[in-house]
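# Summary of the model geometry
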Amino acid sequence: MELAVLLVSMAAVVLLGTTVSERLHLPAPLLLIAVGAGLAFVPAVPTIHLESEVVLLGLLPPLLYTAAIQTSLMDFNANRGTILRLSVFLVLVTTAAVAVVTHLLVPDWGWAAALAIGAVVAPPDAVAATAVARRIGLPRRVVTILEGESLFNDATALVTLRTAVAALAGGVVLLDIGIDFVVAAGGGVLIGVVLFLLVARLRRRITDPLMDTAISFLTPFAAFVAAEEVHASGVISVVVAGLLLGHKADIIQTAQSRITERITWRTVAFVLENTVFLLIGLQLDWILAEVHESTLSNTRIAVVCLATLVTVIVVRLVYMHVTAMFRRSDPLPTSWTFLIGWAGMRGVVTLAAAFIIPEDAPHREVMLLVAFSVVAGTLFLQGLTLPWLTRVLHVPPPDVAEDALARATLLQQAANAGLARLDELEYEDHHGVDARIRARVDQRTFSAWEQLDTTADEETPSELYARIRREMIDAERARVLEVRSGGHLPSEVVRQVLGMLDIEESMLDAGSSVREKVRSAVTGISGPEECVDLQKHPATDTVADPACETCLAEGTRWVSLRQCLTCGRVGCCDSSVGRHATAHFHETQHPVMESAQPGESWRWCYVHELTG
């Protein structure tokens with residue numbers, strides 16, 4: 001019962017702390033560590049020892065898998081050089097630098113123990129870095145590099161730590177170190193690929209979302225355990241399997257399975273990520289109690305902790321700027337390079353790895369405090385200053401307007417491909433199904449284009465539709481619940497109908513806040529260069545008070561206005577009743593139009609279906 005009370009209490013603290021962090025506009029990891037550290041000294045709170053097995057086997061696989069299936073394999077591949085340099089070489093360089101510093105300050109440790117603590121504090125944490133990076137809106141490429149680095153750097157650090165621990169026991173050969181790295185990396189990749197093939201084969205035959213999600217829960221633990229059993233890297237195995245399964249999800253899973261898995265893993269990640277930081281804070285009391293018994297002076301312990309913290313920060317910053325000089329193709333801006341160097345927050349893996357160090361290692365209690373100091377120090381120092389540095393360096397967040405334009409373009413291309421296939425099909429349509437399908441596709445596409453409209457005082461057709469349909473769904477749900485209370489219908493039938501209404505309502509809510517963000521976003525949008533038509537047309541003279549003359553003549557209203565770049569004719573968009581801009585293209589074959597809305601500067605090529 002005490003364990004149950006403890007778990008429920010921790011869950012409540014995590015939920016409360018996360019809610020408060022949102023109100024205070026603070027990253028949740030920082031607040032939860034502080035809360036955990038405070039609770040650790042409350043007499044009524046039991047002492048919690050975070051065992052390395054619990055973290056490495058119970059927490060690390062699902063956290064890595066969650067991050068991996070959400071990481072774009074294409075984006076990862078585009079930045080693989082930077083990611084591998086950070087996740088392998090930077091970890092080794094940091095390990096060596098920390099080993100030198102700590103060996104100078106505490107010679108009693110010896111080189112093996114110094115290398116061990118270096119490997120412990122070397123890898124930044126995936127959860128900590130991306131939690132802060134996404135919250136403050138760092139560029140997507142920066143987030144991709146940070147995510148990719150932290151997916152693989154744990155493997156490098158753990159293999160290095162394993163070697164250092166073996167050296168502490170007096171049994172390590174230089175050749176064995178190289179073999180360990182090859183076996184860990186190669187074996188991890190091989191097992192990850194094999195597991196991916198096995199799970200993918202199963203998923204092609206399974207249509208039940210619950211069974212598919214159950215397989216998903218098993219996958220990271222199976223990958224980790226299988227790899228560790230053959231002395232390969234369980235971290236690499238989990239990451240490889242997760243990257244491949246996430247990349248192929250749209251092919252090997254049903255739509256319902258993907259939705260169920262996505263929601264399930266988001267929930268798991270939310271609970272585990274935040275619980276991890278609370279647990280880190282709860283370790284402070286007993287670590288300080290053990291350090292109090294150390295034979296080293298408090299001054300020397302403080303100097304070691306501070307020197308290690310400074311070393312990991314400085315080495316990362318220097319490494320980023322040195323390696324940036326050798327990036328000749330597709331270099332990163334200097335400000336982005338600095339932010340990646342500064343975003344090296346450590347997390348739970350660092351603290352868990354410290355517990356792997358044998359208990360008979362010299363001054364092990366100080367090593368644990370060093371690990372905790374680096375975790376807390378990097379999270380608070382770098383985590384709290386990263387938003388300020390982002391503003392000072394004028395690093396732009398992802399452009400919401402550009403995203404909206406790209407989303408509308410992609411939906412338009414998908415809709416045109418679907419309608420082209422519809423034209424090819426042969427079928428007897430006695431019930432007007434063709435018109436209904438075309439209307440539904442048009443509604444989805446037009447809704448995306450309407451999010452680009454900067455007119456703030458008028459409701460778009462899609463917004464009007466969503467508002468009216470939401471009112472109808474509320475009435476429909478109320479009626480279903482009224483019928484349910486009568487107890488005359490099977491509960492399964494009622495549950496299915498309510499589920500259908502929930503799905504439709506969630507689709508209405510999906511784009512509800514996008515338009516407001518786009519209105520205030522940067523409107524200078526640049527698009528693909530491969531469309532000649534987009535580039536060769538000079539801008540036409542801007543009409544002072546643009547209007548669709550055809551709409552005025554017909555007595556109809558427009559939603560947004562478009563201007564032909566060939567002749568300057570202004571027409572209404574496809575969301576409007578007349579669709580006169582598109583009609584103008586069909587009449588004249590003038591290929592490119594641009595938005596005539598105030599503050600918008602994007603173009604659309606009717607021929608190539610591209611924006612610019």
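No experiment lies behind these values; they were computed from the predicted model shown. (Residues numbered from 1 in each chain as written. Predicted model: local features only at pLDDT ≥ 70, side-chain atom pairs only at ≥ 80, totals over all residues. Heavy atoms only, no water.)

## Topic: the overall build of the protein
- Within the protein, the regular secondary structure consists of 25 helices and five strands.
- Burial status across the protein gives 49% buried among its 612 residues.
- Pairs at least 24 residues apart make up 77% of the contacts formed inside the protein by residues separated by at least 6 positions.
- For the protein, the accessible surface area stands at approximately 30200 Å², while carbon and sulfur atoms represent 63% of it. (Helix = DSSP H or I, 4+ residues; strand = E, 2+ residues; numbered from the N terminus. Buried < 20%, exposed > 50% of the residue type's maximum accessible area, 1.4 Å probe, protein only. Contact = heavy atoms within 4.5 Å. Areas by Shrake-Rupley, 256 points an atom, 1.4 Å probe, with all protein chains shown as cover.)

## Quick look at helix 17 (residues 364–392)
- Between its first and last C-alpha, helix 17 extends 41 Å over 29 residues, near the 42 Å set by a 1.5 Å rise per residue.
- The axis of helix 17 is deflected most strongly, by about 40 degrees, at L386, and proline P387 appears within four residues downstream.
- Where helix 17 ends, the next residue or the one after it, H394, has phi of about 55 degrees, a positive value. (Expected span 1.5 Å × (residues − 1). Bend = angle between axes of the 7 residues up to and from the residue.)

## Details of the nonpolar core
- Ranked by size, the top nonpolar core spans 111 residues in total, and within it W109, V120, L161, V235, I280, I340 and V370 carry the most contacts.
- For this core, the leading source of residues is helix 17, giving 13 residues.
- If near-sequence neighbours (up to four positions away) are discounted, I280 is found in contact with I33, G347, V348, L351, F372 and V375.
- Counting residues in hydrophobic clusters, the runner-up holds twelve residues, among them L405, A408, A448 and W602. (Core = buried A, V, L, I, M, F, W, Y, C linked by side-chain atoms within 4.5 Å.)

## Some words on the packing of helix 19 (residues 433–450) against helix 20 (residues 461–486)
- With their axes 8 Å apart at the nearest point, helix 19 and helix 20 run at an angle of 115 degrees to one another. Facing Q443, F446, S447 and E450 of helix 19, the residues of helix 20 in contact are P461, S462 and Y465.
- Considered class by class, the residues forming the contact of helix 19 with helix 20 number three nonpolar, three polar and one charged. (Axes fitted to C-alpha atoms, helices over the stretch in contact; angles between N-to-C directions. Nonpolar A, V, L, I, M, F, W, Y, C, P; charged D, E, K, R; others polar.)

## Considering the packing of aromatic side chains
- All chains considered together, the criterion is met by six aromatic pairs.
- Summarising the aromatic geometry, the rings of F76 and F152 are spaced 5.6 Å apart at their centres and angled 45 degrees between planes, so their arrangement reads as tilted. Taken as a pair, F76 in helix 4 (residues 73–78) and F152 in helix 8 (residues 140–168) lie far apart in primary sequence, 76 residues in all. Exposure class is identical for F76 and F152. Each is buried.
- Ring centres of F585 and Y606 lie 4.6 Å apart, and the angle between their planes is 10 degrees; this geometry places the pair in the stacked category. Note that F585 is positioned in helix 25 (residues 580–588) and Y606 in the loop between strand 4 (603–605) and strand 5 (610–611), a separation of 21 residues in sequence. Residue F585 shares its accessibility class with Y606, and that shared class is buried. (Phe/Tyr/Trp six-rings, centres within 6.5 Å; stacked < 30°, edge-to-face > 60°.)

## Considering the side chain of T156
- Mapped onto the elements, T156 comes out in helix 8.
- Using a relative accessible area of 8% as the deciding quantity, one classes T156 as buried.
- A polar side-chain atom of T156 sits 2.8 Å from the main-chain carbonyl oxygen of S87.
- For T156, the residues in contact, after removing those within four places along its chain, are S87, V88, V91, L92 and F181. (Polar contact = N/O pair within 3.5 Å; in protein donor to acceptor, adjacent residues only side chain to side chain.)

## Side note on the environment of H363
- When you line up the elements, H363 lands in the loop between helix 16 (348–354) and helix 17.
- Look at H363 and you get buried, because its relative accessible area is 14%.
- Not counting the four nearest positions on each side in its chain, H363 is found in contact with V106, D108, W109, S294, T295 and L296.

## So, unusual backbone geometry
- Here the phi dihedral of H394 falls at roughly 55 degrees; this positive angle occurs in a residue that is not glycine.
- Along the chain, H394 falls in the loop between helix 17 and helix 18 (400–424).
- Exposure remark for H394: the relative accessible area of 68% places this residue in the exposed category.
- Phi angles above zero are rare outside glycine, and Q589 is one such case at about 65 degrees.
- Looking at the secondary structure, you find Q589 in the loop between helix 25 and strand 3 (592–595).

## Focus: the pairing of strand 3
- As paired strands, strand 1 (residues 561–564) and strand 3 are joined by three bridges and run antiparallel to one another. Within strand 3, the residue paired with C564 across the bridge is M593.
- Note: strand 3 against strand 4, three bridges, orientation antiparallel. Residue E594 lies in a different strand from strand 4, and its bridge partner there is R603. (Pairing = 2+ DSSP bridges.)

## Remarks on a nonpolar patch on the surface
- A cluster of nonpolar side chains, namely L306, V310, V314, V318, V322, M325 and F326, defines an oily patch on the protein surface of about 690 Å² accessible area.
- The exposure class of V318 is partly exposed, given its relative accessible area of 46%. (Patch = residues over 30% accessible without salt bridge, like charges linked within 9 Å, V, L, I, M, F, W, Y side chains within 5 Å. Salt bridge = Lys/Arg side-chain N within 4 Å of Asp/Glu carboxyl O.)

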